[in-house]
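Listed below are the residues making up each chain.
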Amino acid sequence: MGWRASESSPPIDKLVLHPNFCEILASKLGEIGMAVEELQSIIKRCQILEEQDFKEEDFGLFQLAGQRCIEEGHIDQLLEIIQNEKNKVIIKNMGWNLIGPVVRCLLCKDKEDAKRKVCFLIFDLLVKLCNPKELLLGLLELIEEPSGKQISQSILLLLQPLQTVIQKLHNKAYSIGLALSTLWNQLSLLPVPYSKEQIQMDDYGLCQCCKALIEFTKPFVEEVIDNKENSLENEKLKDELLKFCFKSLKCPLLTAQFLEQSEEGGNDPFRYFASEIIGFLSAIGHPFPKMIFNHGRKKRTWNYLEFEEEEDKQLADSMASLAYLVFVQGIRIDQLPMVLSPLYLLQFNMGHIEVFLQRTEESVISKGLELLENSLLRIEDSSLLYQYLEIKSFLTVPQGLVKVMTLCPIETLRKKSLAMLQLYINKLDSQGKYTLFRCLLNTSNHSGVEAFIIQNIKNQIDMSLKRTHNNKWFTGPQLVSLLDLVLFLPEGAETDLLQNSDRIMASLNLLRYLVIKDNENDNQTGLWTELGNIENNFLKPLHIGLNMSKAHYEAEIKNSQEAQKSKDLCSITVGGEEIPNMPPEMQLKVLHSALFTFDLIESVLARVEELIEIKTKSTSEENIGIK
């Protein structure tokens, strides 16, 4: 565009120019072409040299000059230099140094469309012309550089060129292994979307990257399939692909959430990714049924040493993820043999459920609960033989459920764990239930959990008493042994009654039930022969403990009321722990609540003792009448 003088401008012939105008103009024009001239100068010097005579200094000068061309906007001139057939050898050896500046230009959204288009042409030419070994390292460095949302932008831009470069190389196994490891390391830094909305938004691009990664990997899987010779290189390529599949099962698939099949409409990116990964396993000679059913056995399903050494540490999460994908999400489940029994599947899945429950992420714990539910619902109630509890996971899983019930901050998971523990109890046979109850009473260390177990014991006794043939595990000597764990106070009269109130109330309710249902003459439960021990170990210490606790809390109420009159803040002791300073009104509520709990325990205790007295008196009268 030319200059046009405004009406107020002086006549052209009267314009006064800067005394150094010509020198300044020449300097500016020189600066515009300086980067291009430097690059051309370097190329001219290298054109007369053989490849082996290129110096390290030449590589550095070429990179600097080329980078300046891009930064200063001389992209068209750079494209011409690269396209020049005379420069082919130089570009082959040195051009990879320009990959970084070109990619950064492409990732910069501020660039004009025309300039970006030219940059794409340059990028394609460099990928086509440059040394593939150097290009591979250059591209992987660029993939490793970004952070945050730029990770996915970089990967999506570079995957296709990276695939092209690797396909040119001879040592393909090493190259694909290096590339997949780098890509996975970067993808593992991205947050996994949790909700349907997050998956659809895909703010960090993880879902897009997963889909692109499948397309990137497919040609190499197909190469393994097509190669019938089973050469050493082909076996190494299989191993690298196998490692990638296992890593993908762990991240992102271990924590990824799946859309409901009714609402996904075939557009769930993680379901697609999971299905393809499992498909890759089968394609490279590791069908998932063989892998998951042999996991943990002495005979491995692969020969790669690294897997064998790290299986317990690294593969447990991946195998658990695979089991969830197949059995809960139903991905490729049609490949499983239909003859597998539900009990066999439960035994197989318990180890994986244990892995899930050891994690702390909400989505992972949820998957463990889903897998457990899916496995248990396949079998009938009371059909799980007690011998299964000799398998470590059959005890650690219910203990894991207890941890979730008592420690997990998420209410839905706590409730689900409670439901799953009840479902698990229902599936055990009588001896299995008995064994599990003893185990949990000894290990849970939680009053609420112990109350839950005691309620289950009561239910089992009730079922036993209603049958024509008594269940020996919940009547007679076996039950007496179990009651010893239930009808006692851990620290005698000094037991913290408030802390243990749930357990104590459940124990009293169980004792009241036994007194009502079991006559002294029948003594099916063994209660009446053990009554003396129960009174000494449970009822009498409970009386003493209640009196001490009530006296303590009544004194605390008196102190709080006095503090309320003086309007001072004071501290109180509840359950052996000092409650931080709080307003006297709030303290009084806490103290009165504790007293109410003690009154409730005391009323049930009085009723139990009343029933015992009535029953023993009635039995004595019957015996006298018989005589």
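Data block above holds the structure.
Computed from a predicted model, the values in this text were never measured in an experiment. (Residues numbered from 1 in each chain as written. Predicted model: local features only at pLDDT ≥ 70, side-chain atom pairs only at ≥ 80, totals over all residues. Heavy atoms only, no water.)

## Some details on the overall build of the protein chain
At step 1: Across its full length, the protein chain carries 26 helices and two strands.
At step 2: A burial count over the protein chain gives 47% of its 627 residues as buried.
At step 3: Within the protein chain, contacts between residues separated by at least 24 positions form 73% of all contacts whose residues are at least 6 apart in sequence.
At step 4: Carbon and sulfur atoms make up 51% of the accessible area of the protein chain, which amounts to about 32,900 Å² in all. (Helix = DSSP H or I, 4+ residues; strand = E, 2+ residues; numbered from the N terminus. Buried < 20%, exposed > 50% of the residue type's maximum accessible area, 1.4 Å probe, protein only. Contact = heavy atoms within 4.5 Å. Areas by Shrake-Rupley, 256 points an atom, 1.4 Å probe, with all protein chains shown as cover.)

## So, empty space enclosed by the protein
At step 1: As enumerated under the stated definition, the model contains two cavities of 30 Å³ or more in all.
At step 2: Put simply, the largest cavity is a space of about 50 Å³.
At step 3: Among the secondary structure elements, those contributing two or more residues to the lining of the largest cavity are α9 (172-187) and α11 (206-226).
At step 4: Residues of the lining of the largest cavity, tallied by class, amount to seven nonpolar, one polar and no charged. (1 Å grid on protein atoms, 1.4 Å probe; cavity = no way out; pocket = protein on both sides within 12 Å on 5 of 7 lines; lining within 4 Å. Points joined across faces, edges and corners; volume = space filled by probe spheres on them. Nonpolar A, V, L, I, M, F, W, Y, C, P; charged D, E, K, R; others polar.)

## Some points on unusual backbone geometry
At step 1: Of the consecutive residues Cys 251 and Pro 252, the connecting peptide bond is found in the cis state with omega at 15°.
At step 2: The residue Asn 523 is not glycine, and still its phi comes out positive at about 50°.
At step 3: By the element assignment, Asn 523 lies in the loop between α24 (501-517) and α25 (531-566).

## Topic: the nonpolar core
Looking at soluble globular proteins, one finds that nonpolar side chains tend to be buried together.
At step 1: Judged by nonpolar contacts, the single largest core of 174 residues is most densely connected at Leu 162, Phe 216, Phe 327, Leu 508 and Leu 542.
At step 2: With eleven residues, helix α26 (residues 584-626) is the single largest residue contributor to this core.
At step 3: Each of two domains, domain 1 (25-130) and domain 2 (463-621), supplies a minimum of three residues to this core.
At step 4: Those residues in contact with Leu 162, other than ones at most four positions away along the chain, are Leu 136, Leu 139, Leu 140, Ile 143, Ala 179, Leu 183 and Phe 216.
At step 5: Residues Ile 43, Cys 69, Ile 81 and Ile 90 belong to the second largest nonpolar core, which totals six residues. (Core = buried A, V, L, I, M, F, W, Y, C linked by side-chain atoms within 4.5 Å. Domains from an automatic or database assignment.)

## Some words on the environment of Lys 472
At step 1: The topology assignment puts Lys 472 in the loop between α22 (447-466) and α23 (476-486).
At step 2: Residue class for Lys 472 comes out exposed when judged on its relative accessible area of 53%.

## So, the packing of helix α5 (residues 99-107) against helix α6 (residues 113-129)
At step 1: Viewed as axis vectors pointing N to C, α5 and α6 meet at an angle of 145°, and their least axial separation amounts to 9 Å. Here the hand of the crossing between α5 and α6 comes out left-handed. Facing α5, whose interface residues are Ile 99, Val 102, Val 103, Cys 105, Leu 106 and Leu 107, α6 presents Arg 116, Cys 119, Phe 120, Ile 122, Phe 123 and Leu 126.
At step 2: When its residues are assigned to classes, the contact of α5 with α6 shows eleven nonpolar, no polar and one charged. (Axes fitted to C-alpha atoms, helices over the stretch in contact; angles between N-to-C directions. Left-handed = near helix turned anticlockwise from the far one by under 90°.)

## Focus: the packing of aromatic side chains
At step 1: Per the stated rule, a full pass over the model turns up nine aromatic pairs.
At step 2: Between Phe 437 and Phe 474 the ring centres are 6.0 Å apart and the planes differ by 65°, which places this aromatic pair in the edge-to-face class. Taken together, the residues span a long stretch of sequence, with Phe 437 in helix α21 (residues 430-443) and Phe 474 in the loop between α22 and α23 at a distance of 37 residues.
At step 3: Given a relative accessible area of 0%, Phe 437 falls into the buried group.
At step 4: Overall, the relative accessible area of 0% leaves Phe 474 in the buried class.
At step 5: With a centroid separation of 5.3 Å and an interplanar angle of 65°, the aromatic rings of Tyr 553 and Phe 598 are classed as edge-to-face. Highlighted residues: Tyr 553 in helix α25 and Phe 598 in helix α26, separated in sequence by 45 residues.
At step 6: Site record: aromatic cluster; members linked through ring pairs are Tyr 434, Phe 437, Trp 473 and Phe 474. (Phe/Tyr/Trp six-rings, centres within 6.5 Å; stacked < 30°, edge-to-face > 60°.)

## Overview of the pattern of salt bridges
At step 1: By the definition in use, this model includes 18 salt bridges.
At step 2: Residue Glu 223 pairs with Lys 172 through a salt bridge whose shortest N-O separation is 3.3 Å. On the criterion of sequence distance, the pair formed by Glu 223 in helix α11 and Lys 172 in helix α9 is long-range, its members being 51 residues apart.
At step 3: Owing to a relative accessible area of 13%, Lys 172 belongs among the buried residues under this scheme.
At step 4: The partner of Glu 354 in a salt bridge is Lys 392, and the shortest N-O contact between them spans 2.9 Å. Placement of the pair is Glu 354 in helix α17 (residues 342-358) and Lys 392 in helix α19 (residues 392-407), with a sequence separation of 38 residues.
At step 5: Classification of Lys 392 by relative accessible area gives exposed; the value is 58%.
At step 6: Three or more residues joined by partner-sharing salt bridges are found here, namely Lys 250, Asp 317, Arg 359 and Glu 361. (Salt bridge = Lys/Arg side-chain N within 4 Å of Asp/Glu carboxyl O.)

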